[in-house]
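# Descriptive structure summary
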Amino acid sequence: MTRIISPSLLSADFGNLHAACQMINASEAEWLHIDVMDGVFVPNISFGFPIIEAAKKHCTKPLDVHLMIIHPEKYITRFREAGADILTFHYETVENPLEVIDLIKSEGVRVGITINPNMPVSVLEPYVDKVDLVLLMTVYAGYGGQTFIEESYNRIAELKEMIKFRNAHCVIEVDGGVGLQNASKLFDCGVNVLVAGSAVFNTTNPIRTIHDLLKS
Ligand code: DX5
Ligand code: ZN
């Protein structure tokens, strides 16, 4: 089973992005997670194209870009040009998810779909066999450093069943409140990709923490 750690740049020291990228390059992290927030869909604003371009310049790993913005369809080409390798949009932010999935695919970028914890997992059913990745938010999108919502385990199980039933091949990613305290349980439940922001960047030895998360 695929097991990937995707550290979230949101918790890095923005004064030293180069060092953060070098740490990622030297680590067992397979992806770098990049959180784009617009202050409209979520009550927070993070960063946009220039930071993604900078990360692309210094980071050798695929950029796993999580769009927390309204009208993501308007900016797909720009995100691809900036260096996104995976583009995940929120189901809540679009009128026609299938169109957005096709648009992202047409740019030659891997596509993910995600939902906040208050959205029924069942809304994802028509899309699981059309995307590369389903991201289940395990906190409400908007901030790093929040507490993992325990109900998420039931949602992961439901998603796994759905993927099996539809004979789909997408990977399952979770994001929010993930750390050494729950990584092994999440992998055991069938999660493939763990996003971890504060759990990685707020430790004295992030490379070691990434290793420990992976081997949990
Ligand atoms: C939250 C973001 C997360 C965030 C996770 O809206 O999508 O990627 O960086 O941060 P931690 O791992 O600290 O909960
Ligand atoms: Zn994220």
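Residues numbered from 1 in each chain as written. Chains lettered and ligands numbered in written order. Predicted model: local features only at pLDDT ≥ 70, side-chain atom pairs only at ≥ 80, totals over all residues. Heavy atoms only, no water.

## So, the sheet that holds strand β3 (residues 63-68)
Note the following rule: Following DSSP output, two strands are said to pair if at least two bridges run between them. To qualify as a helix, a DSSP run of H or I must reach at least 4 residues; to qualify as a strand, a run of E must reach at least 2; elements of each kind are numbered from the N terminus. Only the contacting stretch of a helix is used when fitting its axis, a line to C-alpha atoms as for every element, and angles between N-to-C directions run 0 to 180 degrees.
Ordered by their spatial adjacency, 8 strands build an open sheet running β1-β8-β7-β6-β5-β4-β3-β2, and the pairing between neighbours is parallel. Strand pairing shows two members of the sheet lacking a second neighbour, β1 (4-7) and β2 (32-37), which therefore form its edges. Neighbouring strand axes in the sheet, compared pairwise and without regard to direction, differ in orientation by 25° on average. In the sheet, β3 pairs with strand β4 (residues 86-90) via 4 bridges, with the strands oriented parallel. Note on β4: the bridge partner recorded for L67 is F89.

## Description of the coordination of the zinc ion (ligand 2)
To be explicit about the condition: Only nitrogen, oxygen and sulfur atoms qualify as donors, and only when within 2.8 Å of the metal (3.2 Å in the case of Na, K and Ca); with water excluded, sites may look incomplete. Only four donors with every angle between 85 and 135 degrees are called tetrahedral; only four or six donors with opposite donors over 155 degrees apart and all others between 65 and 115 are called square planar or octahedral, in that order; all others are irregular. To sort residues, take the accessible area from a 1.4 Å probe on protein chains only and compare it with the maximum for the residue type: under 20% means buried, over 50% means exposed, and anything in between is partly exposed.
Taken together, the protein donors to the zinc ion (ligand 2) comprise H33 (NE2), D35 (OD), H66 (ND1) and D175 (OD), at separations of 2.0 to 2.3 Å. Here the zinc ion (ligand 2) is ringed by 6 donor atoms whose angles at the metal span 70 to 169°, and the overall shape comes out octahedral. Each donor residue of the zinc ion (ligand 2) lies on one chain, and together they are spaced H-x1-D-x30-H-x108-D. Of this pair, D35 sits in strand β2 while H66 sits in strand β3; the two residues are 31 residues apart in sequence, bridging distant segments of the chain. Across the pair, H66 and D35 agree in class, each one buried.

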